[in-house]
Amino acid sequence: MNQVSELGFFVLLAKAGSLAAAAREMNVTPSAVTKRLSGLEDRLGVRLLNRTTRRISLTNEGEIYLHYAQRILTDIADMEGLVAHSRTTPRGLLRINAPLGFGRSYIAPVASEFMQRYPEVEIQLKLTDRPINLPDEAIDIAIRFGEIPDSRLIARKIAANRRLLCAAPGYLKQHGRPATAAELSGHQCIVLRQNDATYGLWRLSKDGKTENIRVSGKASTNDGEVALKWALDGHGILMRAEWDLARYLRSGRLELVLEDYATPPADIYAVYLEKLNISAKVVAFLDYLQESFLPERQERNESPSIW
């Protein structure tokens, strides 16, 4: 018999007022109630109840046991109710990881709106240059671009996105516009040094054929915003996610290059570890984030716009 069930048994017995009433409540024989009570008293080494044939009364030790038993059972009920409630009502600390630029421009505003809608949720937003190893970090949701190589992660697509090649009109006027992927090796290219293994290696596909082009230039950085600023200043050709380039392409400050080539996938995903028993705060944020990037909301300017 576990101690929690013993507590419940004794509280029921005290409320019933007699062994016979308790037996009827529990749908057992009075002798079974007497045996169970005796076992509890033997374990504690004290007498908890004075019995007569008609009624029972608490000893001093019984009053102490009943007081704490009621308090403990109430705390357990409150705890279970709180945990169960958290499955349906978003609450508590939500830890999110996102890339620096995208996190500042898009995730932070969405997180702000989310906290206003769900005041019981706290958000800790961690922005990093490199994706963290989610299984090793105390992160609930991470925002990633492109393919998700870790099979332990559950990925939910938030929005479609592409990587594009572009350059400032001034650069293209001075250096010309490449017509093929191979011609990129003869151009100044602005390269992000975020992964040493693929540094300066651009993969482009056309007509079912994929080419790995080694590019170089006088400007390289590990910061996407710096690379974008250099492209705007005319220092070379840049490969960057559509969300980062859209407003500059619309304004004409940047122009697309090699539009007929496809680049590696860059769709926006929210990834997390647990598929089962996922908390309400995670589910609600995933839903809200995905809704924020719906085209109809973008058109109504209700959320940060990618396009």
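Because the structure is a prediction, the values reported are computed rather than measured.

A. Region of the structure containing the overall build of the protein. Scanning the protein for helices and strands turns up ten helices and 14 strands. Burial statistics for the protein: of 307 residues in total, 39% are counted as buried. The long-range share in the protein, meaning contacts at least 24 apart out of those at least 6 apart in sequence, stands at 71%. Total accessible area on the protein is roughly 16,900 Å²; 48% of this is exposed by carbon and sulfur atoms.

B. Broad picture of the pattern of salt bridges. All told, the structure shown has eleven salt bridges when counted by the stated rule. Among the salt bridges present, the one from E120 reaches R91, with a minimum N-O distance of 3.1 Å. Of this pair, E120 sits in the loop between helix 5 (100–117) and strand 4 (121–128) while R91 sits in the loop between helix 4 (60–86) and strand 3 (92–99); the two residues are 29 residues apart in sequence, bridging distant segments of the chain. You can call R91 partly exposed: its relative accessible area is 26%. Across the salt bridge formed by K229 and D233, the nearest N and O atoms sit 2.8 Å from each other. Taking relative accessible area as the criterion, K229 reaches 45% and is therefore assigned partly exposed.

C. Layout of the sheet that holds strand 8 (residues 189–192). Pairing in this open sheet of five strands is mixed, and the strands run 11-8-12-7-13 from one edge to the other. Each having just a single partner strand, strand 11 (220–221) and strand 13 (255–256) make up the two edges of the open sheet. Sheet topology note: the strand 8/strand 11 ladder contains two bridges and is parallel. Looking across to strand 11, one finds that V191 is bridged to S220. In the packing of helix 8 (residues 242–251) onto the sheet, contacts are made with strand 7 (163–167), strand 12 (237–241) and strand 13, and the angle to strand 12 comes to roughly 120 degrees.

D. Inspection of the packing of aromatic side chains at higher detail. Summed over all chains, the structure comprises eleven aromatic pairs. For the pair F10 and Y65, a centre-to-centre distance of 5.1 Å together with 85 degrees between the ring planes defines the contact as edge-to-face. Of the two residues, F10 sits in helix 1 (residues 3–16) while Y65 sits in helix 4, which places them 55 residues apart along the sequence. Residue class for F10 comes out buried when judged on its relative accessible area of 0%. Residue class for Y65 comes out buried when judged on its relative accessible area of 14%. Of the aromatic side chains, those joined through ring pairs into one cluster are F102, Y106, F145, W243 and F293.

E. Spatial organisation of the layout of surface pockets. By volume, the second largest pocket amounts to about 200 Å³. Looking at the second largest pocket, it is lined by 16 residues, and the ones nearest its centre are R162, R163, L164, Y261 and T263. Top element by residues in the lining of the second largest pocket is strand 7. It accounts for three residues. Its residues placed into classes, the lining of the second largest pocket shows eleven nonpolar, two polar and three charged.

F. Quick look at the nonpolar core. Judged by nonpolar contacts, the single largest core of 29 residues is most densely connected at L94, F102, I143 and F285. Mapped onto this core, the elements with two or more residues apiece are strand 3, helix 5, strand 4, strand 5 (141–145), strand 6 (154–159), strand 14 (268–272) and helix 9 (280–292). Excluding residues within four positions of it along the chain, F102 makes contact with I107, I143, F145, W243, I268 and F293.

G. Expanded view of the environment of A69. Within the element layout of this structure, A69 appears in helix 4. Distance from A69 to L7, taken between C-alpha atoms, is 5.3 Å for residues 62 residues apart in sequence. The contact partners of A69, leaving out residues within four places of it in the chain, are L7 and V11.

H. The arrangement of the sheet that holds strand 6 in detail. Read from one edge to the other, the open sheet built from five strands follows the order 4-3-5-14-6, with strand pairing classed as mixed. Looking at the sheet topology across the chains shown, the edges are occupied by strand 4 and strand 6. For this sheet, the mean angle separating the axes of adjacent strands, direction not counted, is 25 degrees. Note: strand 6 against strand 14, five bridges, orientation antiparallel. Residue pairing for strand 14: R156 is matched across the bridge by A270. With respect to the sheet, helix 5 is in contact with strand 3, strand 4, strand 5 and strand 14, its orientation differing from that of strand 4 by roughly 180 degrees.

I. Spotlight on the side chain of S18. Take S18: it is sitting in the loop between helix 1 and helix 2 (19–26). By relative accessible area, S18 is classed as buried at 12%. A polar side-chain atom of S18 sits 3.0 Å from the main-chain amide nitrogen of A21. In this view, S18 contacts L13, R54, R55 and I56; residues no more than four positions away in its chain are not counted.

Rules and cut-offs
Residues numbered from 1 in each chain as written. Predicted model: local features only at pLDDT ≥ 70, side-chain atom pairs only at ≥ 80, totals over all residues. Heavy atoms only, no water. Helix = DSSP H or I, 4+ residues; strand = E, 2+ residues; numbered from the N terminus. Buried < 20%, exposed > 50% of the residue type's maximum accessible area, 1.4 Å probe, protein only. Contact = heavy atoms within 4.5 Å. Areas by Shrake-Rupley, 256 points an atom, 1.4 Å probe, with all protein chains shown as cover. Salt bridge = Lys/Arg side-chain N within 4 Å of Asp/Glu carboxyl O. Pairing = 2+ DSSP bridges. Axes fitted to C-alpha atoms, helices over the stretch in contact; angles between N-to-C directions. Phe/Tyr/Trp six-rings, centres within 6.5 Å; stacked < 30°, edge-to-face > 60°. 1 Å grid on protein atoms, 1.4 Å probe; cavity = no way out; pocket = protein on both sides within 12 Å on 5 of 7 lines; lining within 4 Å. Points joined across faces, edges and corners; volume = space filled by probe spheres on them. Nonpolar A, V, L, I, M, F, W, Y, C, P; charged D, E, K, R; others polar. Core = buried A, V, L, I, M, F, W, Y, C linked by side-chain atoms within 4.5 Å. Polar contact = N/O pair within 3.5 Å; in protein donor to acceptor, adjacent residues only side chain to side chain.

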